[in-house]
Amino acid sequence: MVATLREKQLASLHNMIQLNSNSANSNETVFSVLIYDRHGQDIIAPLISVKQLRQLGVTLHLLLHSERGEVPDVPAIYFCQATEENLIRISQDLAAGLYTTYYLNFSTPISRHKMEDLAQAALLAGVQADIKKVYDQFINFISLEEDMFTLKHQGSEAISFYSLHRRDVQDADIELIIDAIVDGLFSVFVNLGQVPIIRSQRNNAAQMVAERLDRKLRDSLKDTRNTFFNAVPSQGFQAGHLNFHRPLLVLVDRTMDLATPLHHPWTYQALCHDLLALSLNRVSLQLTEQHARQGAKPKHGGSKEYDLGSDDAFWNTHKGSPFPNVAAAVEQELEDYKAAEGRIKGLKSDLPETADDAVDLLLADNTAKLTSAITSLPDLLRKKDNIDKHMSIAMGLLDHIKKRKLDVFFEAEEKIMARATLDKPLTDLLAEDGCGSASDKLRLFLIHYLCSSNTSHSNAPGGSGSNNSCSDADMTAMLEALQAAGADLKPVNYMKQWRNIMKLSSGASPEYGGGVTKTVSMFSKLLNHGSALVVEGVKNFVLKENKLPVTRIVDNLMELRSCEEDKSFCYHDPKLLRPQDANSASARARTPFQDCIVFVVGGGCYTEYANLRAYAGRKASAAPVSRRVVYGCSELLSPEGFLAQLSKLGAEIGS
């Protein structure tokens, strides 16, 4: 079985912690100190827990720019970016003689002049012999799932949507952003050990990334010193070398679909990101009295953090499921646990009362039952902890859904994006008191604005028509309702400008499929009156199988359909001797792709990721050859975070 991108990056990190040893004794535990910057911390956090670090021999892990004391007789493993600030701090550590030996690992390649500066600092400190190795690790990306990665780390705005589109952005700034994205994507394919065929949109940042990545891959293939994409066993990336099917890399720009990141989600993982600020596979939940009664113990300040990693079977199974299905599954898991607990307690009545009975018991089947029960207790207790965790998370989500009536917003947005008729005029929904927050209403309006046709004509008052058109009077009424609700209207300024630019460039509006087929009473057949998840007044939806714009693009390009994307998207093949040969139809791939990496420049979201996973799942079950899709983005946009960036852009435009 071919290893996933996440597994390959994890193997690289393990190798780094084991001092990059390829010897037969590499399985021996080497005790060490790990020093990382914020970027390195974000790369490690979703992959290796503190407990696992200790098992790997890391006795101490510290931030590079924190106050650190001397630790003798233990190797120090540095993992950071090769920035001027980081190199100055490393030079200070060398001068202070904090550690006995140094293993320097950079997530991105260190340039020659920076290497010379580092060597000069080591000579001045007289510790040049203590620097054992310097490595370019090429793991400059954050693997959040087996089939998902992002490039932006916490606290950095360098490659955000706002940074790309702000009014005062200079060409030099754009160059730095493109270079950062290209470095991250190059690291992805170094880990995969494969050279992709690149398709990208034209006339935007995605095309710039495609051209530069094509050039970087082409230069690497020409350089005989590089063995990233050659079958060299010692490199540790062998899994991709024996695969003759090259992957497809699809590069799209966030501006091709601005509505989806604003959409109120309905799947478990996307809801956690929107409502509970899921970050690096961890959520922080503010605990209420009801949560406390469920057994959740706050760590500090009335909040508790939960890890949602790959070792959580329930999360892996249900992260892409609609929230009602998740809540029902939590209830079922709880019932199964109670049944297992009851069976163990029932064994007590079978225990012998006298010694004579004990002899008979040895010959009875109860001995095997007791042994099985005792053996299963640790797993049962872990299962109970996991049930409590997801019960607390589900309750936290449900509190938000009921308080803000998010099911109403989700249903309305699904119908708008599917160009279906709304149950009531949009103006009335925006003006309704007690229905959602100001930002919820603003998100709904922006989705309507992006999906509507020409605003100078109207076939239905209040925007309730199936064509989503509205008059100028309706638009004014909606804006007044938003203003009365306290909404920040600066994002509307940016959307108006963006829409005018799209009209001038004759850009086609994205098409959204699917929508809500019907609603049913949520959990009416699944939850009893004693359930912790009380969901009266909340809707459950039966959804159509839909394809978001990015999924439709991926489907068309993977299947090599004759379509608009095939004609309008750039084609790059780094393995062709001459780049201009890519324009020849005879030089292009002729068989459908099995593997695809889709990357969104400007930011992606969990809603798109869930939609692509569902598409890949349908393809895997229907086709004899499975389709594997990996989703990547320059940053993960939460709806509120994206709204904040749009507000900053709108403030620059003015009213």
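Residues numbered from 1 in each chain as written. Predicted model: local features only at pLDDT ≥ 70, side-chain atom pairs only at ≥ 80, totals over all residues. Heavy atoms only, no water.

### Points about the packing of aromatic side chains
Applied cut-off: We call Phe, Tyr and Trp rings a pair once their centres come within 6.5 Å, taking the six-membered ring for Trp, and we label the pair stacked below 30 degrees between planes, edge-to-face above 60, and tilted otherwise. Only runs of H or I of at least four residues qualify as helices and only runs of E of at least two qualify as strands under DSSP, and these elements are numbered from the N terminus. For a Lys NZ or an Arg CZ to count as sitting over a ring, it must be within 6 Å of the ring centre and within 35 degrees of the ring normal.
Scanning the entire structure with this criterion turns up 13 aromatic pairs. Between Tyr78 and Tyr99, the aromatic rings sit 6.3 Å apart at their centres with planes inclined by 75°, giving edge-to-face as the arrangement. With a gap of 21 residues between them, Tyr78 in strand 3 (residues 71-80) and Tyr99 in strand 4 (residues 99-106) connect regions that are remote in the sequence. In this structure an aromatic cluster arises from ring pairing among Tyr78, Tyr99 and Tyr102. Across the ring face of Phe186, the terminal group of Lys216 is positioned such that the distance to the ring centre comes to 5.1 Å. Taking NZ or CZ as reference, Lys648 lies 4.1 Å from the ring centre of Tyr162, over its face.

### Considerations on the pairing of strand 6 (residues 142-145)
Stated formally: Here, any two strands with at least 2 DSSP bridges between them count as paired.
Note: strand 6 against strand 7 (residues 148-150), 3 bridges, orientation antiparallel. Across the sheet, residue Ser143 finds its bridge partner in strand 7, namely Phe149. Between strand 6 and the antiparallel strand that follows it, strand 7, lie 2 residues.

### Quick notes on the pattern of salt bridges
Defined as follows: For salt bridges, the criterion is a side-chain nitrogen of Lys or Arg within 4 Å of an Asp or Glu carboxyl oxygen. Each residue is placed in one exposure class: buried if its accessible area under a 1.4 Å probe, protein chains only, is under 20% of its type's maximum, exposed if it is over 50%, and partly exposed if it falls in between.
Taken as a whole and assessed by the stated rule, the structure comprises 36 salt bridges. Here Arg89 and Asp93 are joined by a salt bridge, their closest N and O atoms 3.7 Å apart. Here Asp93 and Arg89 lie together in helix 4 (residues 84-96), a separation of 4 residues that amounts to about one turn. For Asp93, a relative accessible area of 2% translates into the label buried. Salt-bridge contacts for Arg561 lead to Asp555; the nearest nitrogen and oxygen are separated by 2.9 Å. Each of Lys547, Asp555, Glu559, Arg561, Lys619 and Arg627 takes part in salt bridges that share partners, so that together they form one network.

### Here we look at the environment of Gly396
Structurally, Gly396 is set in helix 14 (residues 366-404). Between the C-alpha atom of Gly396 and that of Leu275, which follows or precedes it by 121 residues, the distance is 8.6 Å.

### Things to note about empty space enclosed by the protein
What counts, and what does not: Definitions used for this entry: grid spacing 1 Å over protein atoms alone; cavity, a set of points where a 1.4 Å probe fits but cannot get out; pocket, an open set with protein on both sides within 12 Å along at least 5 of 7 lines; lining residue, one with an atom within 4 Å of a point. Grid points are joined across faces, edges and corners, and a volume is the space filled by probe spheres set on the points. Amino acids are sorted into nonpolar (Ala, Val, Leu, Ile, Met, Phe, Trp, Tyr, Cys and Pro), charged (Asp, Glu, Lys and Arg) and polar (every other residue, Gly among them).
This model, assessed by the stated rule, comprises 5 cavities of 30 Å³ or more. Taken as a whole, the largest cavity holds about 70 Å³ of empty space. Every residue along the wall of the largest cavity is listed here: Thr260, Pro261, His263, Pro265, Ala270, His273, Cys605, Tyr606, Thr607, Leu637, Ser638 and Pro639. The set of elements that each furnish at least two residues to the lining of the largest cavity consists of helix 9 (268-275) and helix 22 (606-622). Its residues placed into classes, the lining of the largest cavity shows 7 nonpolar, 5 polar and no charged.

### What to know about the packing of helix 15 (residues 406-417) against helix 17 (residues 438-451)
When two helices pack together, you describe them by how their axes are tilted relative to each other and by the distance separating the axes. For the record, the criterion: Axes here mean lines fitted to C-alpha atoms, for a helix over just the part in contact, with angles spanning 0 to 180 degrees between N-to-C directions. Angle categories are assigned with fixed cut-offs, so that under 35 degrees is roughly parallel, over 145 is roughly antiparallel, 65 to 115 is roughly perpendicular, and the rest are oblique. We call two residues contacting when some pair of their heavy atoms lies within 4.5 Å.
Running from N to C, helix 15 and helix 17 cross one another at 5°; their axes reach a closest spacing of 9 Å. Classified by the interaxial angle, the pair formed by helix 15 and helix 17 is roughly parallel. Residue-level inspection shows Leu406, Phe409, Ala412, Glu413, Ile416 and Met417 of helix 15 in contact with helix 17, the latter providing Asp440, Lys441, Arg443, Leu444, Ile447, His448 and Cys451. Considering only residue class, the contact of helix 15 with helix 17 consists of 8 nonpolar, 1 polar and 4 charged.

### Section: the sheet that holds strand 5 (residues 131-136)
Taken together, 5 strands build an open sheet; the order of strands is 2-1-3-4-5 and the sheet is parallel. The outermost strands of the open sheet, each flanked by one partner alone, are strand 2 (58-63) and strand 5. Direction aside, the axes of adjacent strands within the sheet are offset by 20° on average. As paired strands, strand 1 (residues 32-36) and strand 2 are joined by 5 bridges and run parallel to one another. Each bridged residue has a counterpart across the sheet, and for Leu34 the counterpart in strand 2 is His61.

So yeah, pure geometry; function would need other evidence.
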